[in-house]
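This is what each chain is made of:
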Amino acid sequence: MSQIKIAVIGLGYVGLPLAVEFAKQYETVGFDIAQWRIDELRSGYDRTLELNEEQLKDAPMMSYTNQLDDLKSCNYFIVTVPTPIDKNKRPDLTPLFKASESIGKVLNKGDIVIYESTVYPGATEEDCVPVLEKFSGLKFNVDFFCGYSPERINPGDKEHTVAKILKVTAGSTPEIAIKVDNLYKSIITAGTHLAPSIKVAEAAKVIENSQRDINIAFVNELAIIFNKLGIDTNAVLEAAGTKWNFLKFKPGLVGGHCIGVDPYYLTHKAQEIGYNPEIILAGRRLNDNMGIYVANQVIKLMIKKGHRVEKSNVLVLGITFKENCPDIRNSRVIDVINELKDFECNVSVYDAWANSDDVQREYGFGLIDEATMKAGKYDAVVLAVSHDKFKTIDMDALKNGNDTIIYDIKSVLEYSDGKL
């Protein structure tokens, strides 16, 4: 067997930690189309904050490039590009197709292409393989082979890192499946689970986040019901949670590049084969509307306390999709902000984790800095993301008088006027 040389395509939250882990044992080339990303990583800086400078240096066989020619000597290609949805909530496989096209141009006989991106069952073999064949001129399962090992990275989680999360693996033939499994076994200390086929592995991944989405939708609906009944949702969940088999989920905004996206990949495939999924889509609809619900609750509380809504000053704390993480992709906080703006509120957003330029490009507005935030006086404050830093903010100092509304979406403050 030839010496293993790995190319990781896509150096974001998923690809970079994986590539660095492989580079501790194998010659590894990290490929990304963005020159600025390559430059930053070569300088020892990871803007996703998944890895620090010391961790980046702890990969002696790592190199970074955006030149396809640098991948020609690789024999394992691991694809970790995003799989988003379009404005109509349909799967957008464009990044996956472009990555497959690039790999096809440098693919050699005997090479193995492993996909980690979340997709619907069948996407690897039915959608990606034809692209690989077209641009390589090679035949699938004769000249080259494929594997699938779905990513399970949890952005911002410094405990459950890539090597500590059990990995599902699969291959396009029984022999290749073992090769793929052994490759991951060599770096994943938590172990691996070899699935019987690529489609099974694809399906396993896409239902992981769909299950979480449905469970969160359930508690979000409970929050709406209990709010109408004047009952504290968290107190109810705490009481119910004393039973050993109660699933402990909390209400909240469901965004990010996984839970808020992956269910649409499964429902797309289901509808393609003539089945209209009801529970999954119902959960998605409910979760997608929670930002609007929150904003309307804030407005109702403001009216109740006699605030004039138009031109009122509202502070939103947090724009990232989850706590202690700089990722703003598919953050549902934007739904709260946009709805408040529709009521003609003056909305200021502060988030020390997020990059203001990124927010400007993604959502069309910038962030205020900490000094501006602390100097402001607000008619309402919405704690949207439970960053550790926000838990110690002096809310009283932000109030515009005694009737300022404090709305705590994440239920982390000791006192608030409203919460989910």
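Now for a look at the structure at hand. Please read these numbers as outputs of a predicted model, since none were measured by experiment.

### Examining the overall build of the protein chain
Point 1. Check the secondary structure of the protein chain and you find 14 helices and 13 strands.
Point 2. Against the compact-globule benchmark of 22 Å for 420 residues, the protein chain has a radius of gyration of 23 Å, which places it among compact chains.
Point 3. In terms of overall dimensions, the protein chain has C-alpha extents of about 75 × 50 × 40 Å along its principal axes.
Point 4. The buried share of the protein chain, taken over its 420 residues, is 55%.
Point 5. Long-range pairs, those at least 24 residues apart, make up 72% of the contacts in the protein chain between residues at least 6 apart in sequence.
Point 6. A total of about 19,300 Å² of accessible surface is found on the protein chain, and carbon and sulfur atoms cover 51% of it.

### Some thoughts on the packing of helix 11 (residues 290–304) against helix 12 (residues 333–342)
Point 1. With their axes 7 Å apart at the nearest point, helix 11 and helix 12 run at an angle of 45° to one another. The orientation of helix 11 relative to helix 12 falls into the category oblique. As helix 11 runs across helix 12, the sense of the crossing is right-handed. In contact with G291, I292, V294, A295, N296, V298 and I299 of helix 11, helix 12 contributes D335, V336, E339 and L340.

### Some details on the pattern of salt bridges
Point 1. Scanning the entire structure with this criterion turns up 29 salt bridges.
Point 2. Residue R329 pairs with D327 through a salt bridge whose shortest N-O separation is 2.9 Å.
Point 3. You can call D327 buried: its relative accessible area is 3%.
Point 4. Linked by salt bridges that have partners in common, E40, R47, D358 and R361 make up one network.

### A few points about the nonpolar core
Point 1. In terms of nonpolar packing, the biggest core is built from 38 residues, with F77, V113, Y115 and C146 touching the most fellow members.
Point 2. Those residues within four positions of V113 in sequence are excluded, and the remaining contacts are F77, V79, I103, L107, L132, F145, C146 and G147.
Point 3. Among the nonpolar cores identified, the runner-up in size contains 35 residues, and L253, M290, V385 and Y407 belong to it.

### Let's talk about the sheet that holds strand 13 (residues 418–419)
Point 1. With parallel pairing, five strands are arranged side by side in an open sheet as 10-9-11-12-13. The sheet terminates laterally at strand 10 (346–350) and strand 13, the two strands that pair on one side only.
Point 2. The pairing of strand 9 (residues 313–317) with strand 11 (residues 380–383) spans four bridges and is parallel. Bridged to V314 within strand 11 is A380.

### A word on the packing of helix 5 (residues 123–136) against helix 7 (residues 198–229)
Point 1. Packing of helix 5 against helix 7 brings their axes to within 9 Å, and their N-to-C directions diverge by 110°. Taken together, helix 5 and helix 7 sit at an angle that is classed as roughly perpendicular. Packed against helix 5, whose contacting residues are A123, T124, E125 and E126, the element helix 7 presents I198, K199 and E202 at the interface.
Point 2. Of the residues contributing to the contact of helix 5 with helix 7, the split by class is two nonpolar, one polar and four charged.

Parameters at a glance
- Numbering of residues starts from 1 in every chain and runs along the sequence as written.
- Totals for whole chains, interfaces and linings use all residues, but because this is a predicted model, local features are given only for residues with pLDDT of at least 70 and pairs of side-chain atoms are given and counted only at 80 or more.
- Calculation of side-chain values draws on the structure's entire complement of heavy atoms; hydrogens and water are dropped beforehand.
- Per the convention used, a helix needs a DSSP run of H or I reaching at least four residues, while a strand needs a run of E reaching at least two, with both numbered from the N terminus.
- All radius of gyration figures rest on C-alpha atoms, and the globule criterion is 2.2 Å times the number of residues raised to 0.38.
- Think of it in three bands: with a 1.4 Å probe and only protein chains considered, a residue is buried below 20% of the maximum accessible area for its type, exposed above 50%, and partly exposed in between.
- The criterion used for residue contact is that any of the two residues' heavy atoms lie within 4.5 Å.
- All accessible-area figures derive from a Shrake-Rupley calculation using a 1.4 Å probe, and residue coverage is judged against the displayed protein chains alone.
- Throughout, an axis means a line fitted to C-alpha atoms (over the contacting stretch in the case of helices), and angles, computed between N-to-C directions, take values from 0 to 180 degrees.
- Should an angle fall under 35 degrees it is taken as roughly parallel, and over 145 as roughly antiparallel, whereas 65 to 115 is taken as roughly perpendicular and any remaining angle as oblique.
- In this scheme the crossing of two helices becomes right-handed for a clockwise turn of the near helix relative to the far one and left-handed for an anticlockwise turn of less than a right angle.
- Should a side-chain nitrogen of Lys or Arg be within 4 Å of a carboxyl oxygen of Asp or Glu, the pair is scored as a salt bridge.
- Definition used in this section: a nonpolar core is a set of buried Ala, Val, Leu, Ile, Met, Phe, Trp, Tyr and Cys residues joined via side-chain atoms within 4.5 Å.
- The rule for pairing is simple: two strands pair if DSSP sees at least two bridges between them.
- Just so you know the grouping, Ala, Val, Leu, Ile, Met, Phe, Trp, Tyr, Cys and Pro go in nonpolar, Asp, Glu, Lys and Arg go in charged, and all remaining residues, Gly too, go in polar.

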